[in-house]
Amino acid sequence: MTNTTTRRTATADFDVLIVGAGISGIGAASHLKSLRPGTSFAILDAREEIGGTWSLFQYPGIRSDSDMPTFGFGFQPWTHRKSIADGHLILDYLRRTVDEHRLAEHMRFGHRVLSADFSSSKGQWTVTAQQSGSRKKVRFTARFLFLGTGMYDHDAGFTPDFAGVEDFQGQVVHPQQWPEDLDYTGKRVVVIGSGATAVTLIPSMADEAGHVTMLQRSPSYVFSAPAEDVIAQTLRKLLGHRRAHEIVRRKNIALTRGVFKASMRAPKLMRRLLIANVRRQLPKHFDVDTHFTPRYNPWEQRLCMVPDGDLFKALSDGRASVVTDHIDRFTKTGILLKSGQELTADVIVTATGLIMSPFGKVLLGVDGRRVSPSDTTAYKAMMLSGVPNLVFALGYTNLSWTLKVDLVCEHFCRLLDHMDAQGHGIVEPVLNDPHMERVPYLDLTSNYVQRGVGAFPRAGTRGPWTVEMAYEKDVERLRDGGVEDGALRFTAVRPAVPAASTEEAR
């Protein structure tokens with residue numbers, strides 16, 4: 001098929017403008033490069049390097065909480081022996097992807113996108129960005145806008161208002177703003193939190209700290225998985241990286257989906273199995289009922305994965321401990337708990353969560369009308385009702401993020417092909433079902449989700465408006481399903497007729 005996008009939109013700076021140089025933006029750019037080589041695009045990022053999460057977070061032990069054969073791209077095999085990989089390995093993988101697909105020439109760092117406004121008469125977006133280190137604003141135009149900005153605010157993490165925090169004479173650190181010069185060697189560390197960041201930090205810090213205490217209000221589900229996949233390594237030796245990658249990817253998707261489905265169908269059984277797995281890895285006297293038995297069912301919140309049981313090893317040998325209690329206030333020397341116990345600390349790490357933020361806080365507008373994401377409904381979990389020529393990528397919460405990104409990018413390229421073939425300039429999802437119930441985009445009960453999901457687009461309850469956290473269903477509608485849909489309105493660009501010209505015609 002002949003690619004005519006660039007020729008038809010000669011008035012625009014780019015065919016596609018990608019916001020975000022993290023895993024989603026790199027995925028979108030790679031798909032455009034390989035599937036639509038004639039399409040012009042640029043990637044804007046507020047920071048000065050690629051990687052998003054994987055270059056922003058610098059806390060000890062940062063790693064993937066999904067297996068890398070599925071967290072990596074489908075088109076770029078993960079070749080390292082570690083299946084649960086350290087952050088620097090993931091960043092190296094992304095840099096290699098950028099190099100192999102020659103994406104660096106398309107990137108513009110230090111450009112924080114402030115707003116994006118679509119003109120129906122021009123069939124294009126005007127994007128305004130602030131250049132770092134100056135007050136200068138620059139503008140770009142593009143036919144399509146692709147938002148690969150992730151789910152959370154990159155500027156700050158969430159920290160509750162702890163009483164007495166100003167009295168503490170030690171150092172308080174949030175993982176999202178980890179100081180490069182923080183020395184915790186031999187010191188007493190308290191990590192507040194029980195999520196993925198906390199269970200990552202504790203065994204890593206325990207190697208050098210005097211002692212690390214995990215302080216949690218309530219426990220999370222924690223399960224151990226091998227850091228290295230023996231089956232994957234064997235297949236790579238026998239079949240090579242490319243063929244092995246496809247098999248391992250299918251295996252891991254099936255395994256993860258199987259665990260999730262079992263948790264939905266038999267939550268009591270999965271609860272017993274997960275807690276029994278913890279008991280096997282801790283000393284007999286350890287109070288698993290208090291510290292590792294959640295009040296909720298599996299997958300109502302994300303499961304926390306620990307490679308090779310490293311958290312349990314740190315707890316077993318005494319380098320770390322767990323306290324389940326509520327904070328009364330900070331003191332000069334640590335934290336006073338509601339029970340009356342005081343935890344002495346030199347360093348307190350507030351692994352208390354993220355601040356969710358839709359679309360990188362970019363202000364969206366259509367024909368002079370400001371668009372609030374929460375007023376829109378997600379179409380196929382990749383476009384917004386009433387917003388033309390916009391695609392976004394938000395990954396799975398119960399599976400590897402990038403599996404969804406790959407599917408969205410493939411469908412985006414098919415959509416562009418279809419529009420080129422049919423001569424369409426604009427595509428807009430239109431919600432014509434006023435009686436359909438609209439529900440939150442995410443249904444997790446995690447505190448950070450509950451705090452922030454209200455600002456995100458809503459999901460529908462039927463048709464293409466549902467948000468499926470199910471890979472096999474998204475394969476059916478994004479990879480195998482058709483592009484045309486009754487909910488999509490395709491039009492050609494029709495420039496507005498100036499009033500003077502109208503009078504002359506009369």
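Up top is the structure these notes are about.
These numbers come from a predicted model, not from an experiment.

Colleague: What is the right way to read the overall build of the chain from this model?
Modeller: If you tally the helices and strands in the chain, you get 15 helices and 25 strands. In terms of overall dimensions, the chain is globule-like: its C-alpha atoms have a radius of gyration of 24 Å, near the 23 Å expected for 506 residues. Dimensions along the principal axes, computed over C-alpha positions, put the chain at roughly 90 × 55 × 45 Å. Every one of the 506 residues in the chain was classed for burial, and the buried ones make up 55%. Pairs at least 24 residues apart make up 71% of the contacts formed inside the chain by residues separated by at least 6 positions. Counting 61 positive and 55 negative side-chain charges, the chain places the averaged centre of each group 3 Å from the other.

Colleague: Just to check I follow, could you spell out the environment of Leu442 for this structure?
Modeller: Relative to the helices and strands, Leu442 resides in the loop between β23 (439-440) and α13 (447-452). A sequence separation of twelve residues divides Leu442 from Gly454, and the C-alpha atoms of the two residues are 9.6 Å apart. Not counting residues up to four positions away in its chain, the partners in contact with Leu442 are Met151, Met356, Thr397, Val449, Val453 and Met469.

Colleague: Just checking my understanding: could you explain the sheet that holds strand β13 (residues 327-330) for this structure?
Modeller: Pairing between the strands of a sheet comes from backbone hydrogen bonds, and it takes one of two forms, parallel or antiparallel. Taken together, the three strands give an open sheet; going across it, the order is β13-β14-β15, and neighbouring strands pair in antiparallel fashion. Whereas interior strands pair on both sides, the edge strands pair on one side only; in this sheet they are β13 and β15 (342-344). Averaged over all adjacent pairs, the angle separating strand axes in this sheet is 20 degrees, with direction ignored. Inspection of the sheet shows strand β14 (residues 334-337) paired to β15 by three bridges, in the antiparallel sense. What sits directly across from Gly334, in β15, is Thr344.

Colleague: I'm lost on the sheet that holds strand β9 (residues 211-216) in this one. Help?
Modeller: Strands sit in the order β7-β16-β8-β9-β12 across an open sheet of five strands; the sheet is parallel. The strands lining the two open edges of the sheet, one partner per strand, are β7 (171-173) and β12 (320-324). Going across the sheet, the axis of each strand differs from the next one's by a mean of 20 degrees, ignoring polarity. As paired elements, β9 and β12 share five bridges and run parallel to each other. Bridging across to β12, Val212 finds its partner in Ala320. With respect to the sheet, helix α6 (residues 196-206) is in contact with β8 (188-192), β9, β12 and β16 (347-350), its orientation differing from that of β9 by roughly 165 degrees.

Colleague: What is the right way to read the nonpolar core from this model?
Modeller: Side chains of nonpolar character tend, in soluble globular proteins, to be buried together. By size, the foremost hydrophobic cluster in this structure holds 133 residues, and its most contacted members are Leu145, Phe146, Val191, Phe292 and Leu364. When residues of this core are assigned to their parent elements, the largest contribution, eleven residues, is made by helix α12 (residues 401-422). Dropping the residues within four chain positions of it, Leu364 is found in contact with Ala116, Trp125, Leu145, Phe359, Arg369, Arg370, Val371, Leu384 and Leu390. Val190, Ile192, Leu343 and Ile348 belong to the second-largest nonpolar core, a separate cluster that totals 13 residues.

Colleague: When you look at the packing of aromatic side chains in this model, what are you seeing that I'm missing?
Modeller: Each pair of aromatic rings is reported with the distance of its centres and the angle of its planes. For the coordinates displayed, the defined rule picks out 19 aromatic pairs. Here the aromatic rings of Phe14 and Phe140 are separated by 6.4 Å at their centres, their planes lie at 40 degrees, and the arrangement is tilted. Taken as a pair, Phe14 in strand β1 (residues 14-19) and Phe140 in strand β6 (residues 137-147) lie far apart in primary sequence, 126 residues in all. An identical accessibility class is assigned to Phe14 and Phe140; each is buried. Measuring from centroid to centroid gives 6.0 Å for Phe73 and Tyr93, while their planes differ by 25 degrees, and the two rings are stacked. With Phe73 in the loop between α4 (68-71) and α5 (87-100) and Tyr93 in helix α5, this residue pair connects regions lying 20 residues apart in the sequence. An aromatic cluster is defined as three or more aromatic residues linked by ring pairs; in this entry it consists of Phe73, Phe75, Trp78 and Tyr93. Over the face of the ring belonging to Phe158 we find Arg451, whose NZ or CZ atom lies 3.5 Å from the ring centre.

Colleague: Looking at this structure, I do not really get the pairing of strand β22 (residues 426-429). What am I missing?
Modeller: In summary, the side chains of a regular strand alternate between the two faces of the sheet. Side-chain alternation along β22 places Ile426 and Glu428 on one buried face and Val427 and Pro429 on a second face that is also buried. Examined bridge by bridge, β22 and strand β25 (residues 488-491) share four bridges and lie antiparallel to one another. The residue bridging Val427 from the neighbouring strand is Phe490, located in β25.

Colleague: Mind showing me how you'd approach a negative patch on the surface here?
Modeller: A surface patch of like charges, here negative, comprises Glu180, Asp181, Asp183 and Glu208. Its place among the elements puts Glu180 in the loop between β7 and β8. Exposure remark for Glu180: the relative accessible area of 84% places this residue in the exposed category.

Colleague: Please clarify how unusual backbone geometry should be interpreted in this entry.
Modeller: Keep in mind that most residues, glycine aside, have a negative phi and that most peptide bonds are trans. Unlike most non-glycine residues, Asp308 shows phi in positive territory, near 55 degrees. Looking at Asp308, the relative accessible area reads 40%, which means it is partly exposed. At Ala381, a residue that is not glycine, the phi angle is positive and equals roughly 55 degrees. By relative accessible area, which is 0% here, Ala381 ends up buried.

Colleague: Can you help me understand the packing of helix α2 (residues 23-35) against α12 in this one?
Modeller: In helix packing, the relevant descriptors are the interaxial angle and the interaxial distance, both defined with respect to the helix axes. At a minimum axis distance of 9 Å, the contact between α2 and α12 shows a crossing angle of 40 degrees. Note on packing geometry: the crossing formed by α2 with α12 is right-handed. Residues Ile23, Ser24, Gly27, Ala28, His31, Leu32 and Leu35 of α2 pack against Trp401, Thr402, Val405, Asp406, Cys409, Glu410, Phe412, Cys413 and Leu416 of α12. Among the residues making up the contact of α2 with α12, the classes are represented as ten nonpolar, four polar and two charged.

Colleague: It is not clear to me how the pattern of salt bridges should be interpreted in this structure. Could you clarify?
Modeller: Close approach of charged atoms allows side chains with opposite charge to pair. The final tally for this structure, using the stated rule, is 30 salt bridges. Its salt-bridge partner being Glu49, residue Arg95 comes within 3.9 Å of it at the nearest N-O pair. With Arg95 in helix α5 and Glu49 in the loop between β2 (41-44) and α3 (53-56), this residue pair connects regions lying 46 residues apart in the sequence. Among the residues examined, Arg95 registers a relative accessible area of 38% and is labelled partly exposed. For Glu49, a relative accessible area of 32% gives the class partly exposed. A cluster of three or more residues bridged by salt bridges with shared partners is formed by Arg36, Arg143, Asp417 and Asp420.

Quick notes on the rules
- Residues numbered from 1 in each chain as written.
- Predicted model: local features only at pLDDT ≥ 70, side-chain atom pairs only at ≥ 80, totals over all residues.
- Heavy atoms only, no water.
- Helix = DSSP H or I, 4+ residues; strand = E, 2+ residues; numbered from the N terminus.
- Rg over C-alpha atoms; globule rule 2.2 N^0.38 Å.
- Buried < 20%, exposed > 50% of the residue type's maximum accessible area, 1.4 Å probe, protein only.
- Contact = heavy atoms within 4.5 Å.
- Lys, Arg positive; Asp, Glu negative; His and termini not counted.
- Charge placed at Lys NZ, Arg CZ, Asp CG, Glu CD.
- Pairing = 2+ DSSP bridges.
- Axes fitted to C-alpha atoms, helices over the stretch in contact; angles between N-to-C directions.
- Core = buried A, V, L, I, M, F, W, Y, C linked by side-chain atoms within 4.5 Å.
- Phe/Tyr/Trp six-rings, centres within 6.5 Å; stacked < 30°, edge-to-face > 60°.
- Lys NZ or Arg CZ within 6 Å of the ring centre and 35° of its normal.
- Patch = residues over 30% accessible without salt bridge, like charges linked within 9 Å, V, L, I, M, F, W, Y side chains within 5 Å.
- Areas by Shrake-Rupley, 256 points an atom, 1.4 Å probe, with all protein chains shown as cover.
- Salt bridge = Lys/Arg side-chain N within 4 Å of Asp/Glu carboxyl O.
- Left-handed = near helix turned anticlockwise from the far one by under 90°.
- Nonpolar A, V, L, I, M, F, W, Y, C, P; charged D, E, K, R; others polar.

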